[in-house]
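Topology and contacts: notes
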Amino acid sequence: MKKILGLDLGTNSVGWALVENNFEEKTGNIIGIGSRIIPIDQGSLGEFDRGNSVSQTADRTGFRGVRRLRERYLLRRERLHSVLNILGFLPVHYSQHIDFEKHFGQFLDEAEPKLAYKPNPESGKSDFIFKSSFEEMLADFAKHQPQMLTKKNGEPALIPYDWTIYYLRKKALTQRIEKEELAWLLLHFNQKRGYYQLRGEEEEENDNKLVEFHSLKVVGVVDSGDKKSKDEIWYNVILENGWIYRRTSNVPLDWTGKIKEFIVTTDLNEDGTIKKDKYGKEKRSFRSPKDDDWTLVKKKTEFEIDKSGKTVGAYIYDTLLQNPNQKIKGKLVRTIERKFYKEELQIILEKQKIFHPELLDKQLYTACLEELYKSNENYRSSVAQMDFTYLFLNDIIFYQRPLKSKKSLISNCRYETLSYKDKEGNIISVPLKCIAKSHPLYQEFRLWQFLQNLKIYQRGKEVEGKLQFDVDVTSDFLKTEEDWISLYEWLNDRKEIDQKVFLKYPAFNLKKNAEQYRWNYVEEKIYPANETRAQILTRLSKVANVPLGFLTKEIEEHLWHILYSVEDKKEIEKALKTFACKHQLGEDFVDHFIKFPPFKKDYGAYSAKAIKKTFDCDAPRKILEARSHFPGNDCSY
């Protein structure tokens, strides 16, 4: 008898079998058998076959993000249920399935009714409860799409009940809608509320470039005769407005008569006119991304809505009137800014206040605040003077949770601690957190550290066939303390410095023979100077009527703190307006600083307290000696 082990090794499975065989008598039996399946989907398996690493952690992170979004949506819905119940806007068949005693706003177990559909025990089906509004919508469709109301073979009209929500979104802008309809509308906004960008996520605007979305018809395609490579030919695509879009292709372009979508970037002069090249043609570039390009989808949708001059709901409904076959979700309106939805709902609520006195009742508003913020008396007091419009818009539907602080991940300073007494009287020492690299104090410290290590060398010459060593001539150029201060002040207004620019420092007077000298740092490398101050000065130079010497250390640190700590776009606008008012700056100050790119969350090796103790910024001699107090080099160039 022979024992044979058989293995089946696959990409995502392993099979094995141990058998015993007698080949002479042709008998045998299976001793053991089994398999192991590696749980991997086909997409990940395909990536693995192509040699790409597959991270299960990334998948888990994605699923966790989906769960969080769902949980936050449900929490907003529960809060919305509580407020609408106090107002008396919820239909009875809907509110009776919601727990308002223990789990406020949550559906009862095994119950999740639809607000617009009421169960009918007799028929076993659900009846649409907003029939009057549906009939109004049918009358509207009868004018624009009469064929939609034609019944065939006894079948009902082809218009679904769910389209009524878009009709109500348009109607509510100018006319009265029922309380239950307004509740349905508010719950609908809670489901799709748009994309909210934090500072730095949006594309940085350039005053010298105009970026627009265009959907243009191609009237002709001409072979220019130029070749990019052996197979690729340059084509001139002539558009309906006279523009010419040049692109390469290895196959002839059959675009004539087709509509193409572009993101067009036009170069502008300082006065806003279009720049022209040496041939007198306007400088304009085209980008024709793929259909699944997120930027294209967003710009296209927002462009179409802005062009229509309508709210999102009215735009969707009017599109359905013209083209009933238009798919809405994921097609007509996909990714747009949250402001479009917020502006629409604000108009609706302000209009419905005229018809529903409950939305103006202060006692009901106070009852809602007590229900939502039972233990947060301070916040209740802060919003007590607001109204239901504010509550729905900012506290429930479009509430944006602030990012969690990750201060615990910042390194501790090894030199300074904070001491305090606990409840038992014991002294507890806690290390201070390290300073942000963009902080003006750190920028100044790093620049003085750069100067403290700076050396200037005169390159060695060949004398009698022998090459001499480079000579340290730092003291020839920087003789006194005032020379060092002047160099510091020159560098302090610059974002970065390299050797070529450094040797052009006016006080060195090395216009003709600068190549005979070098510094002790890497010659081809660019080093940071005072990046924070340089960026602020660049923006301030565009603001009108800024006093001379305005950017003192105190003002610079105050402005940095606003730009560093505020993440929300609207909050930073408020903070900048307050800053401008305090320092008597013009309105253009906010316009120039609102798009200031966020500072990176990088940190040094010491705390602000340690750096302040090391030197007094008004005593350059102490600053020059600062590095001797620290054994390590804080600045990584």
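Before going into details, it helps to say that this report is about the structure given with it. Because the structure is a prediction, the values reported are computed rather than measured.

**Section: the sheet that holds strand S15 (residues 456-458)**
Within a sheet, adjacent strands bond to each other through the backbone by hydrogen bonds, running parallel or antiparallel. Strand order in this open sheet of 3 strands is S18-S15-S20, and the pairing throughout is antiparallel. If you trace the sheet from one side to the other, it starts and ends with strand S18 (471-472) and strand S20 (517-519), each paired once.

**Details of a nonpolar patch on the surface**
A contiguous nonpolar surface patch, about 510 Å² in accessible area, is contributed by Leu5, Leu7, Leu9, Val14 and Trp16. Where the nonpolar patch is concerned, the elements lending two or more residues are strand S1 (2-9) and strand S2 (13-22). Broken down by element, the nonpolar patch gets its largest block of residues, 3 residues, from S1. Mapped onto the secondary structure, Val14 falls in strand S2.

**Thoughts on the nonpolar core**
Formed by 66 residues in total, the largest nonpolar core has its most connected members in Val83, Leu186, Leu345, Phe388, Leu391 and Phe392. Residue assignment for this core shows that the elements contributing at least two residues are helix H2 (56-87), helix H4 (131-144), helix H5 (164-171), helix H6 (179-191), helix H8 (312-322), helix H9 (338-352), helix H10 (362-372) and helix H12 (388-397). Other than its neighbours up to four places away in sequence, Phe392 contacts Leu80, Val83, Leu84, Leu87, Leu186, Leu349, Leu359, Ile397 and Phe398. Ranked by size, the runner-up nonpolar core spans 25 residues in total, among them Leu487, Phe502, Phe508 and Leu510.

**Some words on the environment of Thr61**
Here Thr61 shows up in helix H2. Sequence separation between Thr61 and Ala367 is 306 residues; the distance between their C-alpha atoms is 39 Å.

**Looking at the sheet that holds S1**
The 3 strands are arranged S1-S2-S3 in an open sheet whose pairing can be described as antiparallel. Pairing within the sheet leaves two strands with one partner each, and these edge strands are S1 and strand S3 (27-37). For this sheet, the mean inter-axis angle between neighbouring strands, taken without regard to orientation, is 15 degrees. For S1 and S2, the ladder comprises 8 bridges, and the chain directions are antiparallel. Along S2, the bridge assignment pairs Gly6 with Ala17.

**Looking at the environment of His97**
Summarising the element assignment, His97 is placed in the loop between helix H3 (92-95) and strand S4 (98-99). Separated by 11 residues in sequence, His97 and Leu108 place their C-alpha atoms 5.6 Å apart. Ignoring anything within four residues of it in the chain, the contact list for His97 reads Gln106, Phe107, Leu108, Ala111 and Pro113.

**A word on the pairing of strand S14 (residues 427-433)**
Along any regular strand the residues' side chains alternate between the sheet's two faces. Here strand S13 (residues 412-421) pairs with S14 via 6 bridges, running antiparallel. Opposite Ser419, over in S14, you have Ser429 as the bridge partner. Remark: 5 residues form the turn of the hairpin made by S13 and S14, two consecutive strands paired antiparallel; Gly425 in that turn has positive phi of roughly 90 degrees.

**Description of the packing of aromatic side chains**
The tally for this structure, following the rule as stated, stands at 38 aromatic pairs. Ring geometry for Phe450 and Trp519: centres 5.9 Å apart, planes at 75 degrees, overall edge-to-face. Here Phe450 is found in helix H13 (residues 440-452), whereas its partner Trp519 is found in strand S20, with 69 residues between them in sequence. Overall, the relative accessible area of 0% leaves Trp519 in the buried class. On the numbers, 4.6 Å between centres and 10 degrees between planes, the contact of Phe450 with Tyr521 is stacked. Of this pair, Phe450 sits in helix H13 while Tyr521 sits in the loop between S20 and strand S21 (527-528), and the two are 71 residues apart along the sequence. Assessed through its relative accessible area of 1%, Phe450 is described here as buried. In this structure an aromatic cluster arises from ring pairing among Phe450, Phe477, Trp490, Phe502, Tyr505, Phe508, Tyr517, Trp519, Tyr521 and Tyr527.

Conventions adopted
Residues numbered from 1 in each chain as written. Predicted model: local features only at pLDDT ≥ 70, side-chain atom pairs only at ≥ 80, totals over all residues. Heavy atoms only, no water. Pairing = 2+ DSSP bridges. Helix = DSSP H or I, 4+ residues; strand = E, 2+ residues; numbered from the N terminus. Patch = residues over 30% accessible without salt bridge, like charges linked within 9 Å, V, L, I, M, F, W, Y side chains within 5 Å. Areas by Shrake-Rupley, 256 points an atom, 1.4 Å probe, with all protein chains shown as cover. Salt bridge = Lys/Arg side-chain N within 4 Å of Asp/Glu carboxyl O. Core = buried A, V, L, I, M, F, W, Y, C linked by side-chain atoms within 4.5 Å. Buried < 20%, exposed > 50% of the residue type's maximum accessible area, 1.4 Å probe, protein only. Contact = heavy atoms within 4.5 Å. Axes fitted to C-alpha atoms, helices over the stretch in contact; angles between N-to-C directions. Phe/Tyr/Trp six-rings, centres within 6.5 Å; stacked < 30°, edge-to-face > 60°.

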